[in-house]
Amino acid sequence: MPSFITCRVEAVLSARPGLQRVRLDDGSRAFVLTQLTGDVAAGDEVVVNTTAVELGLGTGGWHVVHWNLTRRELRQPGPGHVMKLRYTSLQVDTGGSEEDDVADVAGGEVPEPTLLGRVPVVACTLHSQVAIVAAAVAERAPGTRVAYVMTDGAALPLALSDSVAELQAKGLVHVTVTAANAFGGEL
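Residues numbered from 1 in each chain as written. Predicted model: local features only at pLDDT ≥ 70, side-chain atom pairs only at ≥ 80, totals over all residues. Heavy atoms only, no water.

Quick notes on the overall build of the protein chain
Counting its secondary structure elements, the protein chain contains six helices and 10 strands. The 187 residues of the protein chain split such that 37% are buried. Here the protein chain displays about 10,400 Å² of accessible surface, and carbon together with sulfur accounts for 54% of that area. (Helix = DSSP H or I, 4+ residues; strand = E, 2+ residues; numbered from the N terminus. Buried < 20%, exposed > 50% of the residue type's maximum accessible area, 1.4 Å probe, protein only. Areas by Shrake-Rupley, 256 points an atom, 1.4 Å probe, with all protein chains shown as cover.)

What follows is the structure in structure tokens.
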């Protein structure tokens, strides 16, 4: 069974598209997947899932903001009709690149293969492997960037991946694709 507590956001520690990291008034830390809950601000009252931290799982000691009680409602229309986290209270329309709106994702009428930029495609069984593979490709073929496909087995909300954010900032990952229940990729 999940565990939840209610806290106030004391401070937003960092933010990037899809992710905020916050300090709570009880001294604990939490991350916010803004695609699911919207942004939070200092002073907001939030419901926080504490289960993984209580069980000592691999969250690095971060709780997960489940809902912002300060906001009465949230409407963030998705780009299509592909649902992730189906049949949960946080199901979200993420759209899919195979839908008619692929041109909108790419910013114009562009055939799908071009979206990947004709770069090598990497799909790893573990999320932690992508940095090693991207670095190896760059070492063997300087200037080469890869397209990273996050699969179901490697699934975490892509916004949560510091590794992928850093690889993109360094120019080693050109585009991200999320498949199955993984979500948050550019495609």
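What about the nonpolar core?
The biggest cluster of nonpolar side chains holds 14 residues, and the ones touching the most others in it are V130, Y148 and L167. Looking at this core, the elements that each hand over two or more residues are helix 5 (130-140), strand 9 (146-150) and helix 6 (162-169). When residues no more than four places from it in sequence are discounted, the contact partners of V130 are V122, C124, Y148, V164 and L167. (Core = buried A, V, L, I, M, F, W, Y, C linked by side-chain atoms within 4.5 Å. Contact = heavy atoms within 4.5 Å.)

Digging into the pattern of salt bridges
Within this structure, the stated rule accounts for five salt bridges. The shortest N-O distance in the salt bridge between R23 and E10 comes to 2.7 Å. Here R23 is found in strand 2 (residues 19-24), whereas its partner E10 is found in strand 1 (residues 4-16), with 13 residues between them in sequence. Assessed through its relative accessible area of 32%, R23 is described here as partly exposed. Assessed through its relative accessible area of 41%, E10 is described here as partly exposed. A salt bridge links R16 to D162, with the nearest nitrogen and oxygen atoms 3.0 Å apart. Residue R16 is found in strand 1, and its partner D162 is found in helix 6; the two are separated by 146 residues along the sequence. According to the relative accessible area criterion, R16 is partly exposed, its value standing at 27%. According to the relative accessible area criterion, D162 is partly exposed, its value standing at 39%. When salt bridges that share partners are traced, they join R16, R21 and D162 into one network. (Salt bridge = Lys/Arg side-chain N within 4 Å of Asp/Glu carboxyl O.)

Structural notes on the confidence of the model for the protein chain
Taken residue by residue, the protein chain gives an average pLDDT of 84. The fraction at 70 or more is 83%. Across residues 105-111 the pLDDT falls below 50, and counting only partners more than four positions away or on other chains, this stretch makes six contacts in the model. (pLDDT = per-residue confidence, 0-100.)

Section: the sheet that holds strand 9
Think of a sheet as strands paired side by side through backbone hydrogen bonds, with each pair either parallel or antiparallel. Taking strand neighbours across the sheet as the criterion, the three strands line up as 8-9-10 in an open arrangement whose pairing is parallel. Looking at strand neighbours, the two that pair on one side only are strand 8 (121-122) and strand 10 (173-178), the edges of this open sheet. Direction of pairing for strand 8 relative to strand 9: parallel, over a ladder of two bridges. Along strand 9, the bridge assignment pairs V121 with A147. Contacts between helix 6 and the sheet are confined to strand 9 and strand 10, with strand 10 contributing the most and set at about 145° to the helix. (Pairing = 2+ DSSP bridges. Axes fitted to C-alpha atoms, helices over the stretch in contact; angles between N-to-C directions.)

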